[in-house]
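The primary structure of each chain is shown beneath.
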Amino acid sequence: MYTFSSKLKTFSFVLMFLGIVGIVYGFLSAPKTIEEVEVILTEQHHGAHGGHDAHATAGHDTTDAQAKVEADKEHKAHLEHVLHQLQNKPWAAVYVGCIFFMLISLGIFTFNQIQYAASAGWSPVLFRVMEGLSAYLLPGSILFFLLLLASSAHLNHLFVWMDAETVANDPLIQGKSGFLNIPFFLIRAVVFLGGWNIFRMLSRKNSLALDETGDLTFYKKNFKLAAGYLVFFIITESIMSWDWIMSIDTHWYSTLFGWYVFASFFVTGITIIALVTLYLKGNGYLEFVNTSHIHDLAKFMFGLSIFWTYLWFSQFMLQWYSNIPEEVTYFIFRIEEYNTLFFGMLVVNFVLPILLLINTDFKRLSWIIVMAGLLIIVGHYIDFFVMIMPGTVGASWFIGAAEIGSVLFFGGLFIFVGFSAIAKAPLLAKNNPMIEESKHFHY
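Every chain is numbered independently, its residues counted from 1 as its sequence is written. Only residues with pLDDT of 70 or above have their local features reported here, since the model is predicted, and side-chain atom pairs are shown and tallied only from 80 upward, although totals for entire chains, interfaces and linings are computed over all residues. As a convention, hydrogens and water are excluded, and side-chain values are obtained from all of the structure's heavy atoms.

1. Remarks on the overall build of the protein
At step 1: The secondary structure content of the protein amounts to 16 helices and 0 strands.
At step 2: Taken against the 2.2 N^0.38 rule, which gives 22 Å for 443 residues, the C-alpha radius of gyration of the protein at 25 Å falls within 12% of a compact globule.
At step 3: When its C-alpha atoms are laid out on the principal axes, the protein stretches across 95 × 45 × 45 Å.
At step 4: Counting the 443 residues in the protein, one finds 53% classified as buried.
At step 5: The contact criterion used throughout is that any non-hydrogen atoms of two residues lie within 4.5 Å. Residue pairs at least 24 apart in sequence account for 84% of intrachain contacts in the protein once pairs closer than 6 positions are excluded.
At step 6: For every accessible area listed, the method is Shrake-Rupley and the probe measures 1.4 Å; residues are considered covered only by the protein chains on display. Of the roughly 20,300 Å² of accessible surface on the protein, a fraction of 68% belongs to carbon and sulfur atoms. Counting from the N terminus, the helices are the DSSP runs of H or I reaching at least four residues and the strands are the DSSP runs of E reaching at least two. The globule rule is 2.2 Å times the number of residues to the power 0.38, and the radius of gyration it is compared with is taken over C-alpha atoms. Between buried and exposed lies partly exposed: a residue is buried under 20% and exposed over 50% of the maximum accessible area for its type, with that area taken using a 1.4 Å probe on protein chains only.

Structure, rendered in structure tokens:
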């Protein structure tokens, strides 16, 4: 039986505390007035236009007053726009961290359900790790829904289609209002989040009941439950990606987007399973897990990294080649304003994991898997950052206290909830009919 160590518990609390401090500082330091924004922009561009003011009025006794008025209006509008972006920034930072870790837990649970539905013989020794880590889905869902409520109450401007004034002046968004409206948006969120959590609680309940009774009826229930869940998931995951990420860039759409988002959080979820398994085994637990199990997890990390890259390239290449303005604008802005992150994540999510995990022997080495795993986690956080930030803060982005704090808080909460759940049940699902095959699995 695993015991949640006091050191790890303290570590998770420290992360959460530092995260809260960073998030609060991010909100408090956000500018409140146009004047503050003007000061920030002046400091950013200090010296860039030196010497230009000396000739501002020289030789212009008959200044065009109308042109000056128009220029002042444009300048004020620009300052207001930047003010909204900078006020959005801490909200967007929290949103990225919140959805990222929630979807990781969803990916872990989905992987667990795939194993049940496939009657997989290699993976049952890892079921309790998957069940424990997926426990974060409930608190993660609650926090995420609160964020959606905050957006719906206009406490932030993450979703431009929620602004009535913007919709009134935008025929394209008006055409989508039958789907993109606040009541229907929140109803869908309740159905998605509630459904995922109900499936997860029933699966966990049946798994523990199988342990206690040895009644294979509970295994059969989980088999049927997994099949039903996967149908529910494949539908809700696509719509979720449209609602919670793609609708931020309301004018843009991609028919590949649901698969793209899925690949990103799914490979990250499997990576977390691998890293936690290695951590537990390194601390004397999971003696029934061997290098073949680790090898198979690493194969999924390797294969899904390629799958993610295939989807990234397919989405990018098809839209870039067609060069339709409302499609290609999405990529042009990210290349211009998020260039390092946009192309850097390709290196971190594809090139480096491929180089580290392409060799079969490397897939059995713990330090190689840890190195590749950390790269995958960081890379896919950047992926979510690049998907969400441009539509919420535009070019007014930087990695600050709120962004770091968000990762620390939700990461710390994930560790606390996940390891607490792992400690509540035996690490071996002893009455699973596939457990002996799994214990003696060799690749």
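2. Considering helix α11 (residues 291-322)
At step 1: With 32 residues, α11 extends 46 Å from end C-alpha to end C-alpha; this agrees with the ideal 46 Å at 1.5 Å per step.
At step 2: One or two positions beyond α11, positive phi appears at Asn323, with a value near 60 degrees. The span expected for a helix works out to 1.5 Å for each residue beyond the first.

3. Points about helix α13 (residues 339-357)
At step 1: For α13, with 19 residues, the first-to-last C-alpha span of 27 Å sits near the 27 Å given by 1.5 Å per residue.
At step 2: Within α13, the axis deviates most sharply at Val347, by approximately 25 degrees.
At step 3: Among all positions of α13, only Leu341, Phe342, Met345, Leu346, Val348, Asn349, Pro353, Ile354, Leu356 and Leu357 are buried.
At step 4: Where α13 is buried, its residues contact α10 (257-282), α11, α12 (325-337) and α14 (366-393). Two axes enter the definition of the bend at a residue: one is fitted to the seven residues ending there, the other to the seven starting there, and the bend is the angle between them.

4. Let's talk about the packing of aromatic side chains
At step 1: Here a pair means two rings of Phe, Tyr or Trp (six-membered ring of Trp) with centres within 6.5 Å. Their orientation is stacked below 30 degrees between planes, edge-to-face above 60, and tilted elsewhere. Going through the model one piece at a time under the given rule, you end up with 54 aromatic pairs.
At step 2: Between Tyr95 and Phe144 the ring centres are 5.4 Å apart and the planes differ by 45 degrees, which places this aromatic pair in the tilted class. Of this pair, Tyr95 sits in helix α3 (residues 65-117) while Phe144 is found in helix α5 (residues 137-152), placing the two residues 49 residues apart along the sequence. Summarising the burial analysis for this pair, Tyr95 and Phe144 share the class buried.
At step 3: With a centroid separation of 5.9 Å and 80 degrees between ring planes, the pair formed by Phe179 and Phe184 is classed as edge-to-face.
At step 4: Under the relative-accessibility criterion, Phe179 is labelled partly exposed at 30%.
At step 5: Classification of Phe184 as partly exposed rests on a relative accessible area of 35%.

5. Concerning the nonpolar core
What tends to happen in soluble globular proteins is that the nonpolar side chains get buried as a cluster.
At step 1: What is meant by a nonpolar core is a set of buried Ala, Val, Leu, Ile, Met, Phe, Trp, Tyr and Cys residues, joined one to another through side-chain atoms within 4.5 Å. Formed by 136 residues in total, the largest nonpolar core has its most connected members in Tyr95, Trp196, Trp244 and Phe384.
At step 2: Top contributing element to this core by residue count: α3, with 18 residues.
At step 3: Setting aside chain neighbours within four positions, we find Phe384 in contact with Val96, Ile99, Phe100, Leu103, Ile245, Val261, Ser264 and Phe265.
At step 4: Grouped together as the second largest cluster of nonpolar side chains are 7 residues, Ile34, Val37, Leu79 and Leu83 included.

6. Considerations on the side chain of Arg128
At step 1: Tracing the backbone shows Arg128 in helix α4 (residues 127-133).
At step 2: When residues no more than four places from it in sequence are discounted, the contact partners of Arg128 are Arg204, Ser207, Leu208, Asp211, Ile422, Ala425, Pro426, Leu427, Leu428 and Ala429.

7. Notes on the pattern of salt bridges
At step 1: A pairing counts as a salt bridge when a side-chain nitrogen of Lys or Arg comes within 4 Å of a carboxyl oxygen of Asp or Glu. This model, assessed by the stated rule, comprises 8 salt bridges.
At step 2: Arg128 serves as the salt-bridge partner of Asp211, at 2.9 Å between the closest nitrogen and oxygen. With Asp211 in helix α8 (residues 182-213) and Arg128 in helix α4, the pair connects residues that are 83 residues apart, well separated along the chain. Exposure class is identical for Asp211 and Arg128. Each is buried.
At step 3: Taken together, the salt bridges that share partners define one network made up of Arg128, Glu131, Arg204 and Asp211.

8. What to know about a nonpolar patch on the surface
At step 1: Grouping into patches uses exposed residues only, defined as over 30% relative accessible area, and leaves out salt-bridged ones; the cut-off is 9 Å for like charges and 5 Å for nonpolar side chains (Val, Leu, Ile, Met, Phe, Trp, Tyr). A cluster of nonpolar side chains, contributed by Val14, Phe17, Leu18 and Val21, occupies part of the molecular surface with about 360 Å² of accessible area.
At step 2: Tracing the backbone through its elements, the reader meets Phe17 in helix α1 (residues 6-28).

Geometric values such as these leave the question of function open.
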